[in-house]
Amino acid sequence: MAAELLKKKKIAIGISGASGAVYGIRLLEELAREGAETHLIISRWGEYTIERETSHRLETVKALASYCYEPDDMAAALSSGSFPVDAMAICPCSMKTLAGIAGGFSEDLLMRAADVCLKERRPLILAVRETPLSRIHIENMLKATDAGAIIMPPIPAFYMNPNTLDEVVTQSVYRIMDKLGIPAAGAKHWGSSD
Ligand SMILES: Cc1cc2nc3c(=O)[nH]c(=O)nc-3n(C[C@H](O)[C@H](O)[C@H](O)COP(=O)(O)O)c2cc1C
């Protein structure tokens, strides 16, 4: 019964052109494993970083999602609040996409879908990635937070003693899944025995 309920969860996933495309790919893999229905938007520069940073082919990444949309398709389901997604994560989230969300400037479907999540009061997780951060970046994070987004940079928890880069990536993805309301079966939490 619980598994059936989880299967019905609709999660919007954005992969933008910040470094760390592997986080978005791992998130898609893990959500598929948990039986979630995923709706994917990859920005043009997200496509570039997938090709530049990973060994995955773009089509293989798209195939991990239940549904995939072009970033310029403003008529797609995710563009409307009447399409009932449960939550959205942009992973990784560039400073440009963050700026668009913080400013309410929905230039593409990725920003529009995030804007919809905020106006519909749905969870929106932004796995922002940049370093160092300018005052503009920090102000935009504050604006997005004030509007209801969860700013969640993929920063490793070294107290979990990760041994490999793969473990570092998975650890952050599991934290994001907790926030999406779809905890991963294998997730380890500090202070718990499993
Ligand atoms: C290899 C590569 C790595 C990048 N890494 C980052 C990054 O970590 N953070 C960021 O904000 N922008 C980064 N950028 C710049 C963004 O891709 C650029 O601002 C782009 O316009 C973002 O558009 P999008 O948000 O629509 O994907 C990177 C670009 C390239 C080519």
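Residues numbered from 1 in each chain as written. Predicted model: local features only at pLDDT ≥ 70, side-chain atom pairs only at ≥ 80, totals over all residues. Heavy atoms only, no water.

A. Geometry of the pairing of strand β2 (residues 37–42). Of all six residues making up β2, five are buried, and the element is well covered by its neighbours. Sheet topology places strand β1 (residues 10–15) next to β2; six bridges connect them, and they run parallel. From the neighbouring strand, A12 faces β2, where its bridge partner is H39. Handedness of the crossover joining β1 and β2 through helix α2 (residues 21–33): right-handed. (Buried < 20%, exposed > 50% of the residue type's maximum accessible area, 1.4 Å probe, protein only. Helix = DSSP H or I, 4+ residues; strand = E, 2+ residues; numbered from the N terminus. Pairing = 2+ DSSP bridges. Right-handed = clockwise from strand over helix to strand, strands pointing away.)

B. Molecular detail of empty space enclosed by the protein. Taken as a whole and assessed by the stated rule, the structure comprises one cavity of 30 Å³ or more. The calculated volume of the largest cavity comes to roughly 40 Å³. If you trace the largest cavity, you find it lined by A12, A77, L78, S80, F83, V85, M88, A113, V116, C117 and R122. It is helix α6 (residues 109–119) that provides the largest number of residues to the lining of the largest cavity, a total of three residues. For the lining of the largest cavity, a count of residues per class yields nine nonpolar, one polar and one charged. (1 Å grid on protein atoms, 1.4 Å probe; cavity = no way out; pocket = protein on both sides within 12 Å on 5 of 7 lines; lining within 4 Å. Points joined across faces, edges and corners; volume = space filled by probe spheres on them. Nonpolar A, V, L, I, M, F, W, Y, C, P; charged D, E, K, R; others polar.)

C. Representation of α6 within the structure. Here α6 lies mainly inside the structure; nine of its 11 residues are buried. With a side-chain oxygen lying 3.2 Å from the backbone nitrogen of L110, the N-terminal cap of α6 falls on D108. R121 sits one or two residues past α6 and shows a positive phi near 60 degrees. (Polar contact = N/O pair within 3.5 Å; in protein donor to acceptor, adjacent residues only side chain to side chain.)

D. The packing of α2 against helix α8 (residues 165–180), seen in detail. Contact geometry of α2 with α8 gives a least axis separation of 9 Å together with a crossing angle of 60 degrees. It follows that α2 is oblique to α8 by the angle criterion. For the element pair α2 and α8, the recorded crossing hand is right-handed. Contacts between α2 and α8 involve V22, Y23, R26, L27, E30 and L31 from the former and D166, V168, V169, T170, S172, V173, Y174, I176, M177 and L180 from the latter. Among the residues making up the contact of α2 with α8, the classes are represented as 11 nonpolar, two polar and three charged. (Axes fitted to C-alpha atoms, helices over the stretch in contact; angles between N-to-C directions. Parallel < 35°, antiparallel > 145°, perpendicular 65-115°, else oblique. Left-handed = near helix turned anticlockwise from the far one by under 90°. Contact = heavy atoms within 4.5 Å.)

E. Spotlight on the site of the ligand. Taken together, 13 residues lie near the ligand, and G17, S43, S94, T97 and R129 sit nearest. Side-chain polar atom of S43 to an oxygen atom of the ligand: 2.5 Å apart, as the coordinates give it. Relative to its unbound accessible area of 630 Å², the ligand is 74% covered by the protein chains. Elements that contribute at least two residues to the shell around the ligand include exactly α3 (44–53) and α5 (95–103). In terms of residue count, the dominant contributor to the shell around the ligand is α5 (three residues). For the shell around the ligand, the class distribution of residues is four nonpolar, six polar and three charged. (Near = heavy atom within 4 Å. Areas by Shrake-Rupley, 256 points an atom, 1.4 Å probe, with all protein chains shown as cover.)

F. The arrangement of the sheet that holds strand β6 (residues 150–151) in detail. Ordered in space as β3-β2-β1-β4-β5-β6, the six strands form an open sheet in which the pairing is parallel. Looking at the sheet topology across the chains shown, the edges are occupied by β3 (67–69) and β6. Sheet topology note: the β1/strand β4 (residues 87–93) ladder contains four bridges and is parallel. Note that in β4 the partner of I11 across the bridge is A87. Relative to the sheet, α2 contacts β1, β2 and β4, its axis offset from that of β1 by approximately 160 degrees.

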